[in-house]
Every structure is written in structure tokens, then in C-alpha cells.
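Here's the letter readout for the chains.
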Amino acid sequence: MTTATLPAPATVRDAGPAAGTRVVLRRILRADRWFWLVWLVMLWVTIPATASAYRETITDDAAGREVAAGLATNPTMRAMLGPPYDLLHVGGFTSWRVGGFVAMMAAVMAGLGVIRATRADEEAGRTELLRAGSIGRHAPLLAALLVASGVCGLLALLVIVSMIGLGTPASGAVALGLGIGVTGVAFAGVGAVAAQLTASARTARGIAMGSVGAAYLLRAVADGTSEDAGMRWLGWLSPLEWSPYVRPYAGERWWVLALPIALAAGLIGFAFALEARRDHGAGLRPARPGPEHAAPALGSASALARRLDRGTAIWTLVGMGLFALVMGSMSNVFDSIAEDPTLADRFRRMGAGATDLTDAFYVAMIGILVVLFALIGISLVERLRREEESGRGELLLAGATSRSRVLSAFVLPALIVPIGVLILSGLLMALPAALRGDPQQLARIGGGAAAQAPGIALIVGLAVAVHGLAPRLRLLPWLVTGWSLVVNWIGAVLGFPQRVLDATPFAYLPRPPAEPMDWVPVVVESLLALGLLAAGWWGYARRDVT
């Protein structure tokens, strides 16, 4: 009698380091589908929306040509949006006005998406469950990079098709789409490397977003300086500048696309090499063991929240402070624009109708910064959710610490940090003008920034209410803030209907010094924010934190 035996199952060693990539790929697409879909749609629609409204900005007459010439030579607009090459045609204008912005946001999307599917899953223990089967060592990272690259490629394809559909030259549309797509893939490589360097997804996100911020600041400095200053070459060091340097619709330089492709290949290869050297669950540099006993100052939930938020607060303060100083130093270049009534009117629309063009610039910058700081506030509230998902939140509540104290420990920094940095950014933007002999700008611009604070409080309140009452809707605050960023960035210039411009938490707040101070909307939005915070507290005290 013979006994039949089953063949031994394939081990990870037998199957190879990329085994099971298809399984992990399907899991990422299932778990993160809304993350990628929302990003993809929002970035894509920005391009055709801008192109469709081109003639509302640059008219087909002598006045339109004067507007284009003024925009092309204004150093502040160059610093904000990048180098313009051809503003007299819809393709060149669209590439300049939102091409660089969409490329930067694609970089943010790809970097965060890769970290979300690698380091965050590994920190939460989900990757360990996957690797219990026949999943190779590199399969999660490879799958994450394939998803990120695929979404960036789909974004590029949508941009190309939509721009060709609007009647622009095919070569320019391809250059614009590919420039945006490969920029995203390059920063997917940044996210992949960041995920290997540290054991914390929070730190990895900070590294990736810090890289994006540094690249943008370097690009702004290079483009905002005059040719005589000899600093334009710095733009070649910024990966965010390579997409504009392809020159879509202005004599395409296809060879520039090799730069982000080479960077992506190098970073991705480096990430796989690092992953092969580190232990599962650890970063390349092992975490240092802490002291045997915590310091007395760390003996509370609020102390824990401050410790977790410290890095975000410091880097936000340093990065946005430098950006505000750079932008403020360019606020004295608007006298020449005032000579062109049409161009001056465009700037006033960006700055809430301010009569003085410098004031319009300050108001427009604050309108963009306040939305970015609101995003930081949401991310700080989200830290409580991540603590709960990791099981550490349950440990906090296992002692004598009440739920109200835990929630307040994480919510207060989410209010204080973005609002404080917003006001400080307003002061830093006004500092160059004060040093030039106009100290009153400190109070005017700092006060104008403070007037936008209820908008941040309202969005943070919405995030807290969602967390306490309906955690499944956690994307809602991100969607509201993302929409606000699109409206504040391009809405006024592209002539969006007033009802669309008003559909943000910041639309009804006064915008000094362009507008007189009006306390009614400030008080109303503050009360709404308090109501949302109270609703979140009530829900959090009653729901299951697991």
C-alpha cells in the first residue's frame, strides 16, 4: 500500500522577492481606491477648466497681449507659478497657470500614496499578515509603486486627451501630460525611499512632503529672481521645475523628460536596495530605545499629543515661515503693473478687489496659505485616528484618562498650530515692507491673516465632528479643504461664478486690508466651529473607539 502526499506549498524563498505582487496590488486598489480616485479627478479637471476659461483672462486683442506681457515679466507671478513661455495661446497659458501646480500636487499624491500602502500598512501590522502567506519581501513596495505610477500615467493620459480635445497642438498636450505624470512618478520614488528610512509613517510623510516643499521653494527662488542675479540655474536642481522646462506648447524640449525618469529609476532602485537591508517593521536606522521611565512632563495625554505633534509644528513653522519671507520680499514689484489697467484688474480679482495691488498680493497669498494650514489641522486631528487604529488609543483610555481629555489633547494642537503659523506667516510676509520703512504693514497683514482663523477652526471642527460621529466619512474634511484650495488658487482668475467662489468655509470671512473688518461672519463661523467641536466631543464620548 502506498501513501499519497501533497506537494509542499511554495515558500517565499522559492517564489522570489516579488511573489504575490498581484495579490497585494488588488488589496491596495480595494483599500485605497477612494484616495486615488479623488486625487485623480481633482487634478485632472483643473487642467481643462483652466483652458476653457482662457479667453476670460487673456483677451484676443492688444489689451490681452499687454496682460500676457505683464504676467510674463512679473517676478512674483514667476515665483508662484513658474516660468511662462507662451501666454498668447491657450495651451501655453494653461501649462503656466496650473501645469506646475498640478505637477506639484501629483508629487504630493504619489508620495503619500506610496507611504500609505507601505510604511503605514507595515506600522499597522497589515503587511505582516500579508507576508504570512506566499508574499515576497518586495511585493508590497512593488505593488505600491505600480499603483502610484499607474495613476500618474492615467492622469497624464487624461490631460493629453482633454487638451487635444480642446483643440491645442498634440505635441504640446503630450509634453504637458508627460511632464505632470513623470513628476508624480519621481516623487513616488521619494515616498518609497522615505518609507525605508524610518519606522514611522508620520516621519516618512514628513520627509516626503518636506522634499516637495524644498523643491517648490528652490523653484520659487530661481524663477523669482532676475536674470542678472545669476540664480536661474537653481531651477535645474528642483524636480518640480523640470516639467515647465519641457516647455509644452513653446518648442518642446523632450530630453528634459529624461531627468525625472532618471531620478525615479534611481530612487526606486535605491528604495528596493534599502528594503533588502532593513528588518521588517524597522527603518534603515533603528529606533533608539527610550529611557526606562518617562519624564514627569510626559505623564498625560496632552503631553503625548504635544510630543507627537512636535515635528509637524517645527517643520511647518520653518518651511512656511521661509516661504512667507520669500514671497514678502517680492511684494514691491507691483508699481509697473498698475500702469496696465487690464492686468491690474486681474490682480485685484485675485486679492478680493483691493485697490492697492500690493494689498491684493498679500490677500491672495493669505487665501492660499490658510487652506494649506487647514490641511495641517486636519492631519493633526487624524493623528488620533491613527493612534486608535494602532491600539495605542485604547491603552490611553485604559487608565484614569477620560475620553474628553484625550480628544482635547489632540484637538487643541490642531487648532493652535495652524492658526498660530498662519498669523506668523502674515507677519513674516509683511516684515520686508516694514524693514523698507512701512511698519504699519505688520499690523495690517497680520490682522488680515488672523481674520481667516475661523475658517481653519471650522474645518478642524468638521474633522472632529466626523471623527466623533461618523468616522467612515473621514475623507469629507479633506474634500472640503481640497475644493477650497482649487477655488482660492484659480477660481477668481478663471472667472468662476460667484456662487462657486462662495462655496468654501473662507468665502464669507473679511479679507483685510482689501476689505473692511466685519465681525459678523467671524463670530458666526467661530460659533459654527464650536458647535461642530461640541458635536464631535459628544459623539466621541459615546462611540466605540475600536
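Just above sits the structure.
The sections below set out a description of the structure shown in this document. (Residues numbered from 1 in each chain as written. Predicted model: local features only at pLDDT ≥ 70, side-chain atom pairs only at ≥ 80, totals over all residues. Heavy atoms only, no water.)

### A short note on the overall build of the chain
Move 1: Across its full length, the chain holds 24 helices and 0 strands.
Move 2: By the compact-globule yardstick of 24 Å for 546 residues, the chain fits well, its C-alpha radius of gyration being 25 Å.
Move 3: Projecting the C-alpha coordinates of the chain onto the three principal axes gives extents of approximately 100 × 55 × 40 Å.
Move 4: For the chain, the proportion of its 546 residues judged to be buried stands at 51%.
Move 5: Intrachain contacts of the chain at a sequence separation of at least 6 include 77% that bridge at least 24 residues. (Helix = DSSP H or I, 4+ residues; strand = E, 2+ residues; numbered from the N terminus. Rg over C-alpha atoms; globule rule 2.2 N^0.38 Å. Buried < 20%, exposed > 50% of the residue type's maximum accessible area, 1.4 Å probe, protein only. Contact = heavy atoms within 4.5 Å.)

### Quick notes on helix α3 (residues 33–52)
Move 1: Compared with the 28 Å implied by 1.5 Å per residue over 20 residues, the 29 Å span of α3 between its first and last C-alpha is a close match.
Move 2: The inward-facing, buried residues of α3 abut α2 (21–31), α4 (54–57), α7 (90–117), α10 (139–165), α11 (170–197) and α22 (475–491). (Expected span 1.5 Å × (residues − 1).)

### Overview of unusual backbone geometry
Move 1: Put simply, Pro 512 and Pro 513 share a cis peptide bond, and its omega is 0°.
Move 2: Although it is not a glycine, Arg 247 sits at a positive phi angle of roughly 60°.
Move 3: Here Arg 247 lies in the loop between α13 (239–245) and α14 (258–277).
Move 4: Arg 247 gets classed as partly exposed once you look at its relative accessible area, which sits at 26%.
Move 5: The phi angle at Tyr 249 is positive, at roughly 65°, despite the residue not being glycine.
Move 6: Among the secondary structure elements, Tyr 249 is positioned in the loop between α13 and α14.
Move 7: On the accessibility criterion, Tyr 249 (12% relative accessible area) is buried.

### Some thoughts on a nonpolar patch on the surface
Move 1: A cluster of nonpolar residues, Ile 314, Trp 315, Leu 317, Val 318, Leu 322, Leu 325, Ile 423, Leu 424, Leu 427, Leu 431 and Leu 435, forms a patch on the protein surface that exposes about 970 Å² of accessible area.
Move 2: Taken together, the elements giving at least two residues each to the nonpolar patch come down to α15 (301–328) and α19 (403–435).
Move 3: Top contributing element to the nonpolar patch by residue count: α15, with 6 residues.
Move 4: Checked against the element boundaries, Leu 325 lands in helix α15. (Patch = residues over 30% accessible without salt bridge, like charges linked within 9 Å, V, L, I, M, F, W, Y side chains within 5 Å. Areas by Shrake-Rupley, 256 points an atom, 1.4 Å probe, with all protein chains shown as cover. Salt bridge = Lys/Arg side-chain N within 4 Å of Asp/Glu carboxyl O.)

### Structural notes on the packing of α11 against α14
Helices that pack against each other are described as a pair by the angle of their axes relative to one another and the distance between those axes.
Move 1: Where α11 meets α14, the closest approach of the two axes is 8 Å, and the angle between their N-to-C directions is 20°. With respect to α14, the element α11 is oriented roughly parallel. You can see that α11 and α14 cross each other, and the crossing is left-handed. Of the residues in α14, those in contact with Val 182, Val 185, Ala 186, Gly 189, Val 190, Ala 192, Val 193, Gln 196 and Leu 197 of α11 are Pro 260, Ile 261, Leu 263, Ala 264, Leu 267, Ile 268, Phe 270, Ala 271, Leu 274 and Glu 275.
Move 2: A breakdown of the residues in the contact of α11 with α14 according to their chemical character gives 16 nonpolar, 2 polar and 1 charged. (Axes fitted to C-alpha atoms, helices over the stretch in contact; angles between N-to-C directions. Parallel < 35°, antiparallel > 145°, perpendicular 65-115°, else oblique. Left-handed = near helix turned anticlockwise from the far one by under 90°. Nonpolar A, V, L, I, M, F, W, Y, C, P; charged D, E, K, R; others polar.)

### What to know about the nonpolar core
Move 1: Residues Ile 180 and Met 327 are the most contacted members of the largest nonpolar core, which totals 135 residues.
Move 2: For this core, the leading source of residues is α7, giving 16 residues.
Move 3: Discounting residues that sit within four places of it in the chain, Met 327 has contacts with Ala 79, Met 80, Ala 220, Phe 361 and Met 365.
Move 4: Membership of the second largest hydrophobic core comes to 7 residues, among which are Ala 175, Val 182, Trp 242 and Val 246. (Core = buried A, V, L, I, M, F, W, Y, C linked by side-chain atoms within 4.5 Å.)

### Focus on the packing of α3 against α7
Move 1: Packing of α3 against α7 brings their axes to within 9 Å, and their N-to-C directions diverge by 175°. One way to sum up the angle between α3 and α7 is to call them roughly antiparallel.
Move 2: For the contact of α3 with α7, the residue count by class is 17 nonpolar, 4 polar and 2 charged.

### With respect to the environment of Glu 387
Move 1: The residue Glu 387 is located in helix α17 (residues 357–390) in this model.
Move 2: Residues Glu 387 and Ala 124, spaced 263 residues apart in sequence, show a C-alpha to C-alpha distance of 9.8 Å.
Move 3: In contact with Glu 387, not counting residues within four places along its chain, are Leu 308, Arg 392, Gly 393 and Phe 410.

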